[in-house]
Amino acid sequence: MNDNLHQLRCFGCGARISGAEAQPDFRCAVCGDLFEVEYPGWSQPQGHDRPNPGALKWLWRERRCSSESLDHSGVWRFRELLPILESFGNAVTLREGNTPLYPLTRASKALGIDQLYAKHQGMNPTGSFKDTGMTAAMSVAKERGFEWVACASTGNTSAAMAAYAARAGLRSLVLIPEGKIAWGKLSQAMDYGAVTCQLKADFDGCLTLLTEIVKQAPIYLLNSVNPYRLEGQKTPAFEIAEAFDWNVPDHLIVPGGNLGNSSALGKGFREMKELGLVARMPRISVIQAAGANPLVRSLAESHGAALEPMEAHTRATAIRIGNPASWRKAARIIQDTGGWCLDVTEAEIAVAKAELGAEGLGCEPASAVTLAGLKKLRAQGSVAGGESVVLVLTGHTLKDADYTIDFHRGTLLGDEEKAGLETEIDGLRRNAQVVEATAGAVLAAMKGNAG
Ligand code: F0G
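Residues numbered from 1 in each chain as written. Predicted model: local features only at pLDDT ≥ 70, side-chain atom pairs only at ≥ 80, totals over all residues. Heavy atoms only, no water.

## A few points about the packing of helix α12 (residues 346-358) against helix α13 (residues 365-379)
Phase 1 of the analysis: One can describe the packing of α12 onto α13 by two numbers: an axis separation of 7 Å at closest approach and a directional angle of 100°. Relative to α13, α12 is oriented roughly perpendicular. Facing E348, I349, V351, A352, K353, E355 and L356 of α12, the residues of α13 in contact are P365, A368, V369, L371, A372, K375 and K376.
Phase 2 of the analysis: Tallied by class, the residues present in the contact of α12 with α13 amount to 9 nonpolar, no polar and 5 charged. (Axes fitted to C-alpha atoms, helices over the stretch in contact; angles between N-to-C directions. Helix = DSSP H or I, 4+ residues; strand = E, 2+ residues; numbered from the N terminus. Parallel < 35°, antiparallel > 145°, perpendicular 65-115°, else oblique. Contact = heavy atoms within 4.5 Å. Nonpolar A, V, L, I, M, F, W, Y, C, P; charged D, E, K, R; others polar.)

Now the structure itself:
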């Protein structure tokens, strides 16, 4: 069976090439921009390659009861919308996707938003949204016969890549900024057997170097410049639409780092609309950390016409990126959907993360920017109480336990950073106490923490 119905289209100049013609760095040979996967058969209204929306909805629902392993993946369950392989038999899967959409009861009350949800992508096999993209791109790497795959990473991509490479029987190379990734993520890359190089460089430097390396050796690049990653990462949009009974939420809020994920989710919603699966698109907003906000600046200064790289600083190490590769794609999706792009401070991130923890969900700091951003949007009147809003939580709380412990111990933030938020922070902190091993002491500790 040939399941392969795609081609690559340059996002900058519109040049079209076949998947096999892509350069090792996935940059357009004409203009240097990035590619997007497109499916020519979908644009012909009566074409026999154009999927039928009613039939798809029925088929995808039926697959939930299927015993076939590919159907257990929340990515490949939607495989009609990612026909990127010669054969789906080559798919490398860890049963990714199928992540929960949780109502955020406390936050919804506090913000006066009736329908507020968290799509928790941290509930994927390696604990982040990267798995949905990695299953797709790793399958392509395997099908095309590569022995080595590689990525530069702030941690989660490397964890996902190492796991999927191990499942596929491929070797993997990880380049990470020394001392700037959370231990949980580094431990995963080691556990799954990657060759892990910590470089005296930031994420942007690691990616630049890797771009050189893949031109010198037959290594398959698995950063989100690889358009097949984004094909997998668009599938949570399908899950969200399905959960809303094919009525999309009004607003989706996504953290922004290298800016692949916001682009991918936007592509997912756009394709569903083009195929008649949904009637409209949600607004898509992107939130960055204030110390790593190149897209916020770009939109403010040039309406997204140019992006000035910056030196990035934030404790949300996953999004510590100053020169994001997919910024043009992200700017386009924000502008096309009428979304916002704003930044939040270190203290706002910490408070939002603790609030999500107190709802019994938890997430890593980079994910918490979504709630912090929503609070700002609500305060400035950009989000109405009657809107349905989905926050995309991108990583699991256990990825960066040090951050959480430092917050609750009170050692995370400096006094200046906390200014204006001291009361919120004190109300959320739950430090572990050293208590005498007696019933009385434990009962007293409970009273001390009441409320
Ligand atoms: N949230 C988490 C937990 C991440 O790990 C990342 C990116 C993002 C948000 C931002 O997503 O880059 O698509 O805008 N992490 C990458 C990595 C860069 O190497 O793991 P983006």
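## Looking at empty space enclosed by the protein
Phase 1 of the analysis: If you walk through the whole model with that rule in mind, you get 1 cavity of 30 Å³ or more.
Phase 2 of the analysis: Size it by volume and the largest cavity reaches roughly 330 Å³.
Phase 3 of the analysis: Looking at the largest cavity, it is lined by 28 residues, and the ones nearest its centre are F129, K130, G257, N258 and A318.
Phase 4 of the analysis: Mapped by element, the contributors of at least two residues to the lining of the largest cavity are α4 (156-168), α7 (227-233) and α9 (260-274).
Phase 5 of the analysis: Among the elements that make up the lining of the largest cavity, the one with the highest residue count is α9 (3 residues).
Phase 6 of the analysis: For the lining of the largest cavity, a count of residues per class yields 9 nonpolar, 16 polar and 3 charged. (1 Å grid on protein atoms, 1.4 Å probe; cavity = no way out; pocket = protein on both sides within 12 Å on 5 of 7 lines; lining within 4 Å. Points joined across faces, edges and corners; volume = space filled by probe spheres on them.)

## Topic: the pattern of salt bridges
Phase 1 of the analysis: With the rule as written, the count across this model stands at 24 salt bridges.
Phase 2 of the analysis: Between D71 and R79 there is a salt bridge, with the nearest N and O atoms lying 2.9 Å from each other.
Phase 3 of the analysis: On the accessibility criterion, D71 (6% relative accessible area) is buried.
Phase 4 of the analysis: Counted as one network, the salt bridges with shared partners bring together R63, D71, R79 and E80. (Salt bridge = Lys/Arg side-chain N within 4 Å of Asp/Glu carboxyl O. Buried < 20%, exposed > 50% of the residue type's maximum accessible area, 1.4 Å probe, protein only.)

## Looking at the environment of V225
Phase 1 of the analysis: Within the fold, V225 resides in the loop between β9 (219-221) and α7.
Phase 2 of the analysis: As a C-alpha pair, V225 and L34 span 191 residues in sequence and 6.5 Å in three-dimensional space.
Phase 3 of the analysis: Residues within four places of V225 in sequence aside, it is in contact with D25, F26, R27, L34 and A325.

## Some remarks on the site of the ligand
Phase 1 of the analysis: Neighbouring residues of the ligand: 20 residues in total, closest S153, N258, L259, N261 and T394.
Phase 2 of the analysis: Within the side chain of S153, an N or O atom sits 2.7 Å from an oxygen atom of the ligand.
Phase 3 of the analysis: N156 places a side-chain nitrogen or oxygen 2.8 Å from an oxygen atom of the ligand.
Phase 4 of the analysis: Compared with its free state, where it exposes 470 Å², the ligand has 99% of that area covered by protein.
Phase 5 of the analysis: Of all elements in the fold, only α4 and α9 reach the threshold of two or more residues within the shell around the ligand.
Phase 6 of the analysis: Within the shell around the ligand, the residues separate by chemical class into 7 nonpolar, 11 polar and 2 charged. (Near = heavy atom within 4 Å. Polar contact = N/O pair within 3.5 Å; in protein donor to acceptor, adjacent residues only side chain to side chain. Areas by Shrake-Rupley, 256 points an atom, 1.4 Å probe, with all protein chains shown as cover.)

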